[in-house]
Amino acid sequence: MTRATPHRTPRMADVLREQIRTVAVALRGPALAAAAVLVLGTALTIAEFVTGGGPVDFAPELSMVPGFVGLLFPIGVWKGERRFGTSFLWLLPVDRRRHALARVAAGWVCLMAAVLFFLVWYLLLALVTAGNVFGDQMVQMLPSAVVPEARTLDPAALRTVRYAPAPLLWLVPFTAATGTYLLASAVALGSRYPLRWIIGVPLGILLASALGSAAHIDWLRLLASRLLELVFESPYGLDALFTARAESLKTAVTLSTGKTVSAWRGLPDVGEWALATLLW
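Residues numbered from 1 in each chain as written. Predicted model: local features only at pLDDT ≥ 70, side-chain atom pairs only at ≥ 80, totals over all residues. Heavy atoms only, no water.

A. Representation of the side chain of Asp239 within the structure. Here Asp239 lies in helix 10 (residues 238-243). Buried and unpaired, Asp239 has Arg245 as its nearest opposite-charge partner, separated by 5.4 Å. Side-chain polar atoms of Asp239 contact the side chain of Ser248, separated by 2.6 Å. (Helix = DSSP H or I, 4+ residues; strand = E, 2+ residues; numbered from the N terminus. Buried < 20%, exposed > 50% of the residue type's maximum accessible area, 1.4 Å probe, protein only. Lys, Arg positive; Asp, Glu negative; His and termini not counted. Salt bridge = Lys/Arg side-chain N within 4 Å of Asp/Glu carboxyl O. Polar contact = N/O pair within 3.5 Å; in protein donor to acceptor, adjacent residues only side chain to side chain.)

B. The arrangement of a nonpolar patch on the surface in detail. A cluster of nonpolar side chains, Leu183, Leu228, Leu230, Val231, Phe232 and Trp280, forms an exposed patch at the surface whose accessible area comes to about 520 Å². Among the elements that line the nonpolar patch, the one with the most residues is helix 9 (residues 223-233), at 4 residues. (Patch = residues over 30% accessible without salt bridge, like charges linked within 9 Å, V, L, I, M, F, W, Y side chains within 5 Å. Areas by Shrake-Rupley, 256 points an atom, 1.4 Å probe, with all protein chains shown as cover.)

C. Structural view of unusual backbone geometry. The phi dihedral of Ala244 falls on the positive side, at around 55°, and the residue is not glycine. Counting through the fold element by element, Ala244 comes out in the loop between helix 10 and strand 3 (250-254). For Arg245, which is not a glycine, the phi torsion comes out positive at approximately 70°. Its place among the elements puts Arg245 in the loop between helix 10 and strand 3. By relative accessible area, which is 12% here, Arg245 ends up buried.

D. Quick peek at the packing of aromatic side chains. According to the stated counting rule, one finds 7 aromatic pairs in the structure shown. Ring centres 5.2 Å apart and planes at 80° place the aromatic pair Phe58 and Trp170 in the edge-to-face group. Here Phe58, found in the loop between helix 2 (28-50) and helix 3 (65-77), pairs with Trp170, found in the loop between strand 2 (159-163) and helix 6 (172-190); they are 112 residues apart in sequence, far enough to count as distant. We classify Trp170 as partly exposed; its relative accessible area is 33%. Between Tyr163 and Trp264 the ring centres are 5.5 Å apart and the planes differ by 45°, which places this aromatic pair in the tilted class. One end of the pair, Tyr163, is in strand 2; the other, Trp264, is in strand 4 (residues 260-264), with 101 residues separating them in the sequence. You can call Tyr163 buried: its relative accessible area is 4%. By relative accessible area, which is 5% here, Trp264 ends up buried. Through a chain of ring-to-ring contacts, the aromatic side chains of Phe58, Phe118, Trp121, Tyr122 and Trp170 assemble into a single cluster. The lysine or arginine in question, Arg103, covers the ring of Trp78, its NZ or CZ lying 5.8 Å from the ring centre. (Phe/Tyr/Trp six-rings, centres within 6.5 Å; stacked < 30°, edge-to-face > 60°. Lys NZ or Arg CZ within 6 Å of the ring centre and 35° of its normal.)

E. Quick peek at the pattern of salt bridges. What the rule picks out here adds up to 5 salt bridges. The shortest N-O distance in the salt bridge between Arg11 and Asp14 comes to 3.2 Å. You can call Arg11 partly exposed: its relative accessible area is 48%. Across the pair Arg162 and Asp136 runs a salt bridge, and its minimum N-O distance is 2.6 Å. Of this pair, Arg162 sits in strand 2 while Asp136 sits in the loop between helix 5 (96-128) and strand 1 (137-141), and the two are 26 residues apart along the sequence. Linked through salt bridges whose partners overlap, the residues forming this network are Arg11, Asp14 and Arg17.

F. Structural detail: the layout of surface pockets. Empty space within the largest pocket amounts to approximately 1000 Å³. What lines the largest pocket is a set of 29 residues, among which Leu71, Leu183, Val187, Trp197 and Ile198 lie closest to the centre. Among the secondary structure elements, those contributing two or more residues to the lining of the largest pocket are helix 3, helix 6, helix 7 (194-215) and helix 9. Ranked by residues supplied to the lining of the largest pocket, first place goes to helix 7 with 8 residues. The class makeup of the residues in the lining of the largest pocket is 25 nonpolar, 1 polar and 3 charged. In this structure, the second largest pocket occupies an estimated 620 Å³ of space. Along its surface, the second largest pocket is lined by 19 residues, and Ala31, Ala34, Val69, Phe73 and Ala114 are the ones closest to its centre. Where the lining of the second largest pocket is concerned, the elements lending two or more residues are helix 2, helix 3 and helix 5. (1 Å grid on protein atoms, 1.4 Å probe; cavity = no way out; pocket = protein on both sides within 12 Å on 5 of 7 lines; lining within 4 Å. Points joined across faces, edges and corners; volume = space filled by probe spheres on them. Nonpolar A, V, L, I, M, F, W, Y, C, P; charged D, E, K, R; others polar.)

Below, the structure written as structure tokens:
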């Protein structure tokens, strides 16, 4: 009778390499669909440019696409896998926590490749349409961070300054996608029914706000709007993660002359962006 020789536990590098291959195969369908969308977007953009449309400016810190892709990416990474209970993933000769981390890491590698591909496509589109690649522009600044009431701001109070995004802000798409991907992965791995939390928490906040309105309780009535402002537009909110606050700092103002112009309450700060990214 021959005695069976137990195999060594696979090394973490081998597990990660196999998970990258598995995740890449699982994401082949969504990747082809995304490529088709980019081809269509390229054709439409170039057609508009040829017929007199404006150029495409390369501003990676202003793109919300990588952040939203990071939120949705875990769906493809864990599709068909049973995250809880017994399954093939958990029965392999590697600790299930290491397998989960390897799967998340493999998904992150594929996500970074997707973000890089998107940015290269975006840059090429800007070059083809003779757009602004380095982001230098002249912007109008409000006299303070507080947005004035409509038709109260004198045009002379606006300051025109040159804004050149810091080179580090080109990393915003990668950090935004990483932050949302890790957040969504934590929800997927930490909750057996993540959709209940995703749907239940916003509905609960809206219900509390509605009850506050019915009971004339101001703090409860304003709960939803204050939480949204805190989560999205605060110095360390989601907009800081997604765009280094480039979106929330820019606003439309109606001057005393009746003209509506785009103005900035402030300029993106690399330190605030870095801290917001670490927090998220």
